[in-house]
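So you can see what is in the structure, the chains are spelled out below.
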Amino acid sequence: DAVLPFEEARERMARELTVYIDNEAMVDTLMQHLPALREKFVGRCPVKVIYQNGDVQAQLQLGDAWRVTPSADCLLTCYELFGRDKVKLQLQHAK
């Protein structure tokens, strides 16, 4: 079995990138930066947005055109925009 570099392994095992939004300023940030993120980090990983503010909650699974490559640079950019605690990368279990 071949050993993959960490970056490549993360990209292959990424199941979903989730961004948690909890205020209008974060919605504005998402709307402003999401197109550039998609363009810069186009890939295979699905993106989900979970919005929760008070009693309002919604989950939005973005379409295939919005998939990203969850590289270290992509994750760092998301952390800077939304906060480290608001961005989660879910990985598949290794077989």
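Parameters at a glance
Residues numbered from 1 in each chain as written. Predicted model: local features only at pLDDT ≥ 70, side-chain atom pairs only at ≥ 80, totals over all residues. Heavy atoms only, no water. 1 Å grid on protein atoms, 1.4 Å probe; cavity = no way out; pocket = protein on both sides within 12 Å on 5 of 7 lines; lining within 4 Å. Points joined across faces, edges and corners; volume = space filled by probe spheres on them. Helix = DSSP H or I, 4+ residues; strand = E, 2+ residues; numbered from the N terminus. Buried < 20%, exposed > 50% of the residue type's maximum accessible area, 1.4 Å probe, protein only. Arc of directions from axis to C-beta. Nonpolar A, V, L, I, M, F, W, Y, C, P; charged D, E, K, R; others polar. Axes fitted to C-alpha atoms, helices over the stretch in contact; angles between N-to-C directions. Parallel < 35°, antiparallel > 145°, perpendicular 65-115°, else oblique. Left-handed = near helix turned anticlockwise from the far one by under 90°. Contact = heavy atoms within 4.5 Å.

*Asks:* Can you help me understand the layout of surface pockets in this one?
*Replies:* Where empty space is left can be seen by rolling a probe of water-molecule size over the atoms. Quantified by volume, the largest pocket comes out at close to 190 Å³. Considering the residues around the largest pocket, the lining is formed by Ile-21, Val-27, Leu-30, Met-31, Leu-34, Pro-35, Val-49, Tyr-51, Ala-58, Leu-60, Leu-62 and Trp-66. For the lining of the largest pocket, the secondary structure elements donating two or more residues are helix H2 (24-40), strand E3 (47-53) and strand E4 (56-61). Top element by residues in the lining of the largest pocket is H2. It accounts for 5 residues.

*Asks:* I would appreciate a short explanation of helix H3 (residues 72-82) in the present structure.
*Replies:* Given 3.6 residues per helical turn, the α-helix brings residues three or four places apart onto the same face. Of the positions making up H3, those classed as buried are Cys-74, Leu-75, Thr-77, Cys-78 and Phe-82. The buried residues of H3 occupy one face: seen down the axis, they fall within an arc of 160 degrees.

*Asks:* Sorry if this is basic, but what is going on with empty space enclosed by the protein here?
*Replies:* Going through the model one piece at a time under the given rule, you end up with 1 cavity of 30 Å³ or more. Approximately 70 Å³ is the volume attributed to the largest cavity. Within the residue set of the lining of the largest cavity, elements represented by two or more residues are strand E1 (14-21), H2 and H3. Tallied by class, residues from the lining of the largest cavity come to 10 nonpolar, no polar and no charged.

*Asks:* What should I look at first to understand the packing of H2 against H3 in this one?
*Replies:* Interaxial distance between H2 and H3 falls to 10 Å at its minimum, and their mutual angle equals 165 degrees. Taken together, the axes of H2 and H3 are roughly antiparallel relative to one another. Note that H2 runs across H3; the crossing there is right-handed. When H2 is examined against H3, the residues Met-26, Thr-29, Leu-30, His-33, Leu-37 and Lys-40 are found in contact with a partner set consisting of Asp-73, Thr-77, Cys-78, Leu-81 and Phe-82. Residue composition of the contact of H2 with H3, grouped by class: 6 nonpolar, 3 polar and 2 charged.

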